[in-house]
Amino acid sequence: MAKDRKKIVKSKFRKGLIPEDLLDEINNDIEQYLEKKSKTNEKRIQEMIKKRLDLGLTINFSETYIKEKVSMIYT
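Residues numbered from 1 in each chain as written. Predicted model: local features only at pLDDT ≥ 70, side-chain atom pairs only at ≥ 80, totals over all residues. Heavy atoms only, no water.

A.B. asks: Where do I start with the pattern of salt bridges in this structure?
C.D. replies: Opposite charge on two side chains allows them to pair when their charged atoms are near. Counting across every chain of the model gives 1 salt bridge. D54 serves as the salt-bridge partner of K50, at 3.2 Å between the closest nitrogen and oxygen. Of this pair, K50 and D54 both sit in helix α2 (residues 20–54), 4 residues apart, roughly one helical turn. Under the relative-accessibility criterion, K50 is labelled exposed at 53%. Given the relative accessible area of 56%, D54 is considered exposed. (Salt bridge = Lys/Arg side-chain N within 4 Å of Asp/Glu carboxyl O. Helix = DSSP H or I, 4+ residues; strand = E, 2+ residues; numbered from the N terminus. Buried < 20%, exposed > 50% of the residue type's maximum accessible area, 1.4 Å probe, protein only.)

This is the structure we're talking about:
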């Protein structure tokens with residue numbers, strides 16, 4: 001997702017819609033937003049897991065979910 005946003009910013013920069021001095025600032029803002037969103041999502045996931053465990057439910061994760069989580073760690 002971060003790469004998609006950065007591609008959009010770069011394309012607008014190339015078209016002259018974003019001044020050069022704002023390019024780094026915008027990319028930093030995108031990174032900060034994504035980090036914040038990632039932390040929020042992680043908290044939600046942990047809360048969901050805790051609630052399910054407290055209710056005695058089993059928790060199964062799909063292979064797709066695990067791959068997404070691992071790829072998020074290494075990007």
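More follows now that the structure is in view.
A.B. asks: I would appreciate a short explanation of the nonpolar core in the present structure.
C.D. replies: In a soluble, globular protein the nonpolar side chains are often hidden away together inside. One finds V9, I18, L23, I30 and L34 forming the largest nonpolar core, which totals 5 residues. Those residues within four positions of I18 in sequence are excluded, and the remaining contacts are V9, K12, F13, L23 and I26. (Core = buried A, V, L, I, M, F, W, Y, C linked by side-chain atoms within 4.5 Å. Contact = heavy atoms within 4.5 Å.)

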